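# Structural characterization, general
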Amino acid sequence: MTENWPYPTIVAHRGGGSLAPENTLAAIDTGARHGHTMIEIDAKLSADGQIFLLHDDTLERTSTGHGIAGHFAWEDLARLDAGAWFNDKFRGESLPLLAEVAARCARHGLAVNIEIKPTTGTDVDTGRAVALAAARLWQDSAVPPLLSSFSVDALAAALQAAPQLPRGLLLHFWDDNWPRLAQELQCSALHLNHEVLTEERVAQITDAGLHILAYTVNSPYRARALLSWGVETLCTDRIDLIGPDFADS
């Protein structure tokens, strides 16, 4: 492999998987409460350069806001409710800043995969900002934050800004150009939609010296197959079914 892989076998998708509103502090608490030691989150920039958590380009699905999130200043985004859409128990939950996430991860002893999610046209700025912030906020962490993105431009900017942080190239569809892309971006891993993986493809990737994180794996049967092929890390929504000790069960 290209380097040591200090990350656990199971990662809680968007903090708390399907058990809490995604990309919130409550989700992170939920993941930790179920014994998980690593979470995956999505980070983007507000119009005034604040780094906060949100998966979609738009606000409607997971908050009380409307419109493109990256077009709003943080002052406006901070007022939104990001929990009520999930259920009333989480009403009042807000969109968190990356700095708040770092503090919560430190409290729970969690490693983190930060997916860089740029608003259209902000790939370079977002990649640079997230990488610099991650390097600063996790500078005292024993396990470095793992950066990933579907955006080649964002990952290239992250490489330039914080080359010491590990990077994973996200691919939803199989791309035969993955060796060239991974080399150019100096990635240590490929983060792949588990549905495109076969035992042969896993062997190709690991033989090239790369680690594999597969997403989003919600079937225990599929999880066991992937692990038996040599996939090292699985990201799951079913943090109740595929727990932190799943590989040992």
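Scroll up a little and you will see the structure.
Residues numbered from 1 in each chain as written. Predicted model: local features only at pLDDT ≥ 70, side-chain atom pairs only at ≥ 80, totals over all residues. Heavy atoms only, no water.

## Concerning the pairing of strand β5 (residues 146–149)
Consecutive side chains along a regular strand alternate between the two faces of the sheet. In β5, alternate side chains face the same way, and those of Leu146 and Ser148 on one face and Leu147 and Ser149 on the other are all buried. Bridge analysis of strand β4 (residues 111–116) against β5 gives three bridges, and the strand direction is parallel. Each bridged residue has a counterpart across the sheet, and for glutamate 115 the counterpart in β5 is serine 148. Chirality of the crossover, the property in question, places the unit of β4, helix α4 (residues 123–137) and β5 among those that are right-handed. (Buried < 20%, exposed > 50% of the residue type's maximum accessible area, 1.4 Å probe, protein only. Helix = DSSP H or I, 4+ residues; strand = E, 2+ residues; numbered from the N terminus. Pairing = 2+ DSSP bridges. Right-handed = clockwise from strand over helix to strand, strands pointing away.)

## A closer look at unusual backbone geometry
Notably, arginine 14 is not glycine yet its phi reads approximately 55°, a positive angle. As for its position among the elements, arginine 14 is in the loop between β1 (10–12) and α1 (25–33). Judged by its relative accessible area of 15%, arginine 14 is buried. In the Ramachandran plot, glutamine 186 falls in the positive-phi region, its phi being about 50° despite a non-glycine side chain. Position of glutamine 186 among the secondary structure elements: in the loop between α6 (178–184) and β7 (189–193). Here glutamine 186 falls in the exposed class, since its relative accessible area comes to 52%.

## A look at the side chain of serine 148
On the secondary structure map, serine 148 appears in strand β5. Ignoring anything within four residues of it in the chain, the contact list for serine 148 reads Asn113, Ile114, Glu115, Ile116, Leu155, Gly168, Leu170 and His191. (Contact = heavy atoms within 4.5 Å.)

## A look at the packing of α4 against helix α5 (residues 152–161)
Viewed as axis vectors pointing N to C, α4 and α5 meet at an angle of 40°, and their least axial separation amounts to 7 Å. On the basis of their axis angle, the class for α4 and α5 is oblique. For the pair α4 and α5, the crossing hand works out as right-handed. Across from Asp123, Val124, Gly127, Arg128, Ala131 and Leu132 in α4, the residues of α5 making contact are Asp153, Ala154, Ala157, Ala158 and Ala161. Split into classes, the residues belonging to the contact of α4 with α5 amount to seven nonpolar, one polar and three charged. (Axes fitted to C-alpha atoms, helices over the stretch in contact; angles between N-to-C directions. Parallel < 35°, antiparallel > 145°, perpendicular 65-115°, else oblique. Left-handed = near helix turned anticlockwise from the far one by under 90°. Nonpolar A, V, L, I, M, F, W, Y, C, P; charged D, E, K, R; others polar.)

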